[in-house]
Amino acid sequence: MYSSLEQALLDLEKAGMLRRIREEVDPYLEMAEIARQAFDSKGPALLFEKVKGSRFRAACNIFGTRERMDFLFRDTLESTKTAVLFKSNPAEFFRHAGPATLLRAAKAGIRSLPRRSGSIRDFEECTLADLPQIVGWPEDGGPFLTLPQVATLPSDGAKILTANLGMYRVQIAGNDFAPDECGIHYQINRDIARHHRKALEEGRALKVSVFLGGPPAHTVAAVMPMPEDLSELTFAGMLGGRRFRYFMHDGYIVSSDADFCILGEVAPELKPEGPFGDHVGYYSGKHLFPYLKVKKVLCKKNAIYPFTSVGRPPKEDTVFGEFIHDITRPMVPSSLPGVEAVHAVDASGVHPLCLAVAKENFIPYIRPEEREPLELLKTANALLGFNQVSLAKYLMVAAKEDAGVKLSAGADASGIKQPDGIKRPDGKNQDTRRAQDVRGAKNASGALDARDVPAFFAHVLERADFARDLHFQTSTFIDTLDYTGTRLNHGSKLVIAAAGIKRRELRECAGDLDGLKLPVGFSNAKIAMKGVLAMQWNDGSSAAERTTELNGDAGNPGENGAHPAPENIAQLRDALASWEYHENYPWVSIVDDTSTIGGNSQMSLDDFLWLTFTRSDPAQDIYGLNERFVQKHWSIDAPLIVDATIKPRHQKALVVPDNVVLKSKEVLENAR
């Protein structure tokens, strides 16, 4: 396979999957916007031959489509999957493995071992300032490396297979950084933290190597969620079809095939890093983080600088996630017994919403109508302590056993007769909806599908007992990039665990909204999906002012407008309680703008998910009918109400100036 990034790019070009940009491009905002437009249009990878202010070429959108990912790893993907299956479940592997499968696994194993090769003489020296100074968003604190492979060892002289390779953004200029310093932003629950802690305990500086480029498999390996006892370097060799080549220089790992290597020590103090337009769709703020005192910056003679541009999903990291999910799927049941499937929902910003299917077998002999979440709660706690899933803010867990359970026609679990024969305005039955993104509560095999978001939501909402099945974790940790909580890294989580037969019938009929009399300030109620409403809150500001706040063009988001006050929520509760269909729509989201929500489009669903789950903190922003505490457990009656309006504590949404958008579009068109 590939021994360099350039070899891979030439292969993409030969296959018609890469386009060259020959005119000079500006690294300030323009290149990142070109990358986003290329991704959004499902365009090819791009090679920039002239970057303003830098002698190096740059490349983006390398991993922008699944087709391109499969092409790059066409010779090794199946053997890598085979090796992962063997690692996750050896007994199951040998039960079904034939000679060809065993041979693939053996080859993958041989390729996985790192190999010493090369020397410092293969590189030239440059500076951080020589690199393309790519700034992705207007309020970013400076240029950032967005596809870095950050390598560390747990101790001086440690074996290479104990190395950690991760992807943590690196700020190479701006703020208070000197020319030989760069900020390294690693979030909570990252493996580099173990190595940093050990270095601090031993009173030494942690040596860090930052690689850019090299074979594409090295970049993928840096985002691979490997177990602690297995180095990402082994995965890089397997997926790349070529052993990871390295040498040691003054205690630093140097990737022999990388285009660039930055070598430095973590300084004893912290420095401000950020802001940075992040993959959740908002800026992350300026905060104190570790930084490197850079000792050397190495580059190959014809080095190519790879980058990506993150922002509101979907973006290139979405494709990474899908690709890795397909490879690691067999690892989930072996790592978390009882878990059948896990889906971190990309449209919600990944960590804000996680859906899971798990077993409910604690009492296997009870009837379906008696089944309740017990083992599911054990599994939910395991998920919230597992790898990156631990950063989930909303976790919805459904019982695998309920996939084929149905109620008698027209009755819910309590025997209450439910309306039937409901027709949509187009005359179709209400259940024949969202043909392009909803396939029903089960997939073709009859199993629950955690990746089918509307169907999964419907399954859970039909079964959830809101007096019993809402489980909060308050004053806990959340994703570093999530600013809905009380302060950096601090917030709350909510588990909704559902098991048993249906408690309610969900509806999706626009005519139902005619009877909903909303109090002052609430308007434009829309059906986001079956059983789910979204409504708009307006504190009296003009539409232009609300748009300004939503787009983040004014001060801090929400500072010019208030979110609903407690008395407003109380009025909404009363209105919902008197609505005859409140039980049939057990989820209500309050957002700043519902203009794009409603209908059968994927955009409507994505907007609902992004607005609801990136702008709410469970402990601060969830309400319901008849709220009460029973033995310290918070209980409500349906519907559950989520205040997902913009609040002063939130960060700005990401927006690019119109002139940059137009110029970037022009550059892409000229390259055709």
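Please refer to the structure higher up on the page.
As the structure is a computational prediction, the values presented were derived from the model and not from experiment.

Participant: Help me understand the pattern of salt bridges, please; the structure alone is not making it clear to me.
Facilitator: Any two side chains of opposite charge can pair, so long as their charged atoms come close to each other. Scanning the entire structure with this criterion turns up 43 salt bridges. Here Arg468 makes a salt bridge to Asp469, at a shortest N to O gap of 2.6 Å. By relative accessible area, Asp469 is classed as buried at 1%. One salt bridge in this structure joins Asp643 and Lys647, with 3.7 Å as the shortest N-O distance. Looking at Asp643, the relative accessible area reads 1%, which means it is buried. Of the residues examined, Lys647 reaches a relative accessible area of 1% and is grouped as buried. A network of salt bridges, in which partner residues are shared, links Glu13, Arg20, Arg22 and Glu49.

Participant: Could you clarify how one ought to interpret the packing of helix H2 (residues 30–40) against helix H18 (residues 658–670) in this entry?
Facilitator: Packed helix pairs are specified by the crossing angle of their axes together with the interaxial distance, meaning the distance between the axes. One way to put it is that H2 packs onto H18 with a least axis distance of 9 Å and a crossing angle of 65°. On the basis of their axis angle, the class for H2 and H18 is roughly perpendicular. At the point where H2 passes H18, the crossing takes the right-handed sense. Of H18, the residues touching H2 (which contributes Glu30, Glu33, Ile34, Gln37 and Ala38) are Val660, Val661, Lys663, Ser664, Lys665, Val667 and Leu668. Its residues placed into classes, the contact of H2 with H18 shows six nonpolar, two polar and four charged.

Participant: How do you make sense of the side chain of Ser255 when you look at a structure like this?
Facilitator: Looking at the element boundaries, Ser255 is found in strand E13 (residues 252–255). Here Ser255 falls in the buried class, since its relative accessible area comes to 0%. In this structure, Ser255 is in contact with Phe123, Phe211, His218, Phe244, Arg245, Tyr246 and Cys261, ignoring residues within four places of it in sequence.

Participant: Looking at this model, I keep getting lost on the sheet that holds strand E28 (residues 587–591). Mind explaining?
Facilitator: Hydrogen bonding along the main chain pairs the strands of a sheet, whether they run parallel or antiparallel. A sheet is described by the order of its strands in space; here five strands give the open sequence E26-E27-E28-E30-E29, paired in mixed fashion. One side of each edge strand has no neighbouring strand; the edge strands of this open sheet are strand E26 (522–529) and strand E29 (622–630). If you compare each strand with its neighbour and ignore which way they point, the axes differ by 25° on average. Against the sheet, helix H15 (residues 566–577) engages E26, strand E27 (532–537), E28, E29 and strand E30 (633–643), with an angle of about 90° to E29. Along the sheet face, helix H16 (residues 602–614) touches E26, E27, E28 and E30 and points at about 80° away from the line of E28.

Participant: Would you mind going over unusual backbone geometry with me for this structure?
Facilitator: It is generally the case that most residues other than glycine have a negative phi and that most peptide bonds are trans. Going from Gly274 to Pro275, the amide bond is cis rather than trans, its omega being -5°. Tracing the sequence through the fold places Pro275 in the loop between strand E15 (271–273) and strand E16 (276–277). In this chain, Ala638 is followed by Pro639 through a cis amide linkage whose omega measures 10°. Locating Pro639 in the fold gives a position in strand E30. The residue Val350 is not glycine, and still its phi comes out positive at about 80°. Summarising the element assignment, Val350 is placed in the loop between strand E21 (339–344) and strand E22 (353–358). Accessibility expressed as a relative area gives 24% for Val350, which makes it partly exposed. Within the chain, Asn626 stands out as a residue other than glycine whose phi angle is a positive 55°.

Calculation rules
Residues numbered from 1 in each chain as written. Predicted model: local features only at pLDDT ≥ 70, side-chain atom pairs only at ≥ 80, totals over all residues. Heavy atoms only, no water. Salt bridge = Lys/Arg side-chain N within 4 Å of Asp/Glu carboxyl O. Buried < 20%, exposed > 50% of the residue type's maximum accessible area, 1.4 Å probe, protein only. Axes fitted to C-alpha atoms, helices over the stretch in contact; angles between N-to-C directions. Helix = DSSP H or I, 4+ residues; strand = E, 2+ residues; numbered from the N terminus. Parallel < 35°, antiparallel > 145°, perpendicular 65-115°, else oblique. Left-handed = near helix turned anticlockwise from the far one by under 90°. Contact = heavy atoms within 4.5 Å. Nonpolar A, V, L, I, M, F, W, Y, C, P; charged D, E, K, R; others polar. Pairing = 2+ DSSP bridges.

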